[in-house]
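Residue-level structure breakdown
As a plain string of letters, each chain reads:
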Amino acid sequence: MMLRRSFFAAAAALGIAQLPAAAAVQNAARPQRLLIQISDYDPRVWALALSNARNVRNDLGPDKVQLEIVAYGPAIHMLEAESDWRDRVTQVIDESIRVIACENTMATVGLKRDDMLGGVDFVKTGLAHIMQRELEGWAYARP
Amino acid sequence: MMLRRSFFAAAAALGIAQLPAAAAVQNAARPQRLLIQISDYDPRVWALALSNARNVRNDLGPDKVQLEIVAYGPAIHMLEAESDWRDRVTQVIDESIRVIACENTMATVGLKRDDMLGGVDFVKTGLAHIMQRELEGWAYARP
Amino acid sequence: MMLRRSFFAAAAALGIAQLPAAAAVQNAARPQRLLIQISDYDPRVWALALSNARNVRNDLGPDKVQLEIVAYGPAIHMLEAESDWRDRVTQVIDESIRVIACENTMATVGLKRDDMLGGVDFVKTGLAHIMQRELEGWAYARP
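Below you will find a few notes about this structure. Keep in mind it's a predicted model, so treat the numbers as computed, not measured.

On to the side chain of Glu95(A). For Glu95(A), the position within the fold is in the loop between helix 3 (86–94) and strand 3 (98–102). Leaving out residues up to four positions away in the same chain, Glu95(A) has contacts with Arg54(A) and Arg57(A).

The backbone of Ser96(A) sits at a positive phi, close to 70 degrees, despite the residue not being glycine. Note on placement: Ser96(A) falls in the loop between helix 3 and strand 3.

The next point concerns the sheet that holds strand 3 (residues 98–102) of chain C. Residues and elements named next belong to chain C. Taken together, the five strands give an open sheet; going across it, the order is 4-3-2-1-5, and neighbouring strands pair in parallel fashion. The outermost strands of the open sheet, each flanked by one partner alone, are strand 4 (121–123) and strand 5 (139–141). Neighbour-to-neighbour, the strand axes of this sheet turn through a mean angle of 30 degrees, independent of strand direction. Judged from the three bridges that link them, strand 1 (residues 32–38) and strand 5 form a sheet pairing that is parallel.

Packed helices, taken two at a time, are described by the angle their axes make and the gap between the axes. At their nearest, the axes of helix 2 (residues 43–60) of chain A and helix 5 (residues 126–135) of chain C sit 8 Å apart, and the two run at 75 degrees to each other. In terms of axis orientation, helix 2 of chain A runs roughly perpendicular to helix 5 of chain C. Where helix 2 of chain A approaches helix 5 of chain C, its residues Asn52(A), Val56(A), Asp59(A) and Leu60(A) are matched on the opposing element by Leu127(C), Ala128(C), Met131(C) and Gln132(C). Of the residues that constitute the contact of helix 2 of chain A with helix 5 of chain C, the class distribution is five nonpolar, two polar and one charged.

What follows is about helix 5 of chain C. Because an α-helix completes one turn every 3.6 residues, residues spaced three or four positions apart along the sequence face the same direction. All names here are of chain C. Counted residue by residue, helix 5 has eight buried out of 10 residues, so it is predominantly covered. Within helix 5, burial applies to Gly126, Leu127, Ala128, His129, Ile130, Met131, Arg133 and Glu134. One or two positions beyond helix 5, positive phi appears at Gly137, with a value near 105 degrees.

Moving on, we get to the pairing of strand 2 (residues 65–71) of chain A. Residues and elements named next belong to chain A. Counting buried positions along strand 2 yields six of seven residues, so the element is predominantly enclosed. Of the crossover connections in this fold, the one passing from strand 1 (residues 32–38) over helix 2 to the parallel strand 2 is right-handed. Of the pairings in the sheet, the one linking strand 2 to strand 3 comprises four bridges and is parallel in character. By the bridge assignment, Ala71 is partnered in strand 3 with Ala101.

The next subject is the pattern of salt bridges. By the definition in use, this model includes 27 salt bridges over all chains. Note that Arg113(B) is salt-bridged to Glu103(B), the shortest N-O span being 2.6 Å. Residue Arg113(B) is located in the loop between helix 4 (103–109) and strand 4 (121–123), and its partner Glu103(B) is located in helix 4; the two are separated by 10 residues in the primary sequence. The exposure class of Arg113(B) is partly exposed, given its relative accessible area of 48%. With a relative accessible area of 25%, Glu103(B) lands in the partly exposed category. Two residues, Arg54(C) and Glu95(C), come together in a salt bridge whose shortest N-O distance is 2.8 Å. With Arg54(C) in helix 2 (residues 43–60) and Glu95(C) in the loop between helix 3 (86–94) and strand 3, this residue pair connects regions lying 41 residues apart in the sequence. Across the pair, exposure class does not vary: Arg54(C) and Glu95(C) are buried alike. Each of the salt bridges in this network shares a partner with another, and the network as a whole consists of Glu68(A), Arg98(A), Asp121(A), Arg133(A) and Glu136(A).

Reading the values: the criteria
- Residues numbered from 1 in each chain as written.
- Chains lettered and ligands numbered in written order.
- Predicted model: local features only at pLDDT ≥ 70, side-chain atom pairs only at ≥ 80, totals over all residues.
- Heavy atoms only, no water.
- Helix = DSSP H or I, 4+ residues; strand = E, 2+ residues; numbered from the N terminus.
- Contact = heavy atoms within 4.5 Å.
- Pairing = 2+ DSSP bridges.
- Axes fitted to C-alpha atoms, helices over the stretch in contact; angles between N-to-C directions.
- Parallel < 35°, antiparallel > 145°, perpendicular 65-115°, else oblique.
- Nonpolar A, V, L, I, M, F, W, Y, C, P; charged D, E, K, R; others polar.
- Buried < 20%, exposed > 50% of the residue type's maximum accessible area, 1.4 Å probe, protein only.
- Right-handed = clockwise from strand over helix to strand, strands pointing away.
- Salt bridge = Lys/Arg side-chain N within 4 Å of Asp/Glu carboxyl O.

Below you can see the structure in the form of structure tokens.
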């Protein structure tokens, strides 16, 4: 328990962990592509997903990596317009990290596109999108 | 907490989420392949895995996608013959979604093949199977 | 609850599950490569990760598979020098399974390299490493 507190207390004190912006891009190679899945109802996982995405972007350089965060199942609620996560999600979207909601999950819980945060994109079935991204060569992670 | 309840209450009210069957297959291309891992002892994850698999199958069309659900670790219990999940697992197997149990986990907890639900397949080590599927080009997800 | 106990009680009674060493390597093909991510603060997940890695290695044969375990986020604490997990982690490292800590997470919680278990390797950002391994053709799993 002490260890668990130490991590989360430190994370809270620092806000979302950040790294200095990476060096300028030297090479026009195709960006590396990473899809991050969130499907839990767990604010700690949501915080990890958002900070993870920003860290990867900052570590490799914004032009070197293409990122998507896909929310489905209980994690859909992070993306509601009324969510306490509005500012953090908007910040991520403003950094050109694509944030995607599963419309199948939304239908299950009675959410419409208008109920969701501005800037969020939509796919019909989150997991089908994840599969297709992987088959296109994207890396996959679940924080 | 309200959000969490709203998701699970809605999911319970609707049963496992379903989409209408997809349009007829137009193209004989090789099916897309997805392996879904379950390794938690968490009935919500089990429900997500089963509904996810069915949604992907229905969204893309049964002939367009090949699906496996691999259970190991604490999730092995979902596949016991006496499991409350019998009907839901059998329904998934009847839809040609392959459901696989890790025999290494079974040995750890004293389960034999006869103790498991009919229709379940077996692999020696769940994670070795997962690795090999990925190296064969299957997409991977953990709900 | 009974089922959950039965798994963990059995696992505890047996220690980390083991298989007999696999048959001698017959073929010098490139090893299969698997990265295992741990990012939860959950000792059950840590135990699964370590036993999973050893099972895959033993099942396929030590020369047939290359394994990495990458810890970031709350899982970083498993790799502290003072961790109760010292013996189990050291055993895994001694079996040529590479164990890697995320320095970005370490900075967040105030840990330095000297605070970590001997034999642990380091990467700047755990998730960037995971992405790059996948893009290099490694399989990925999260227990």
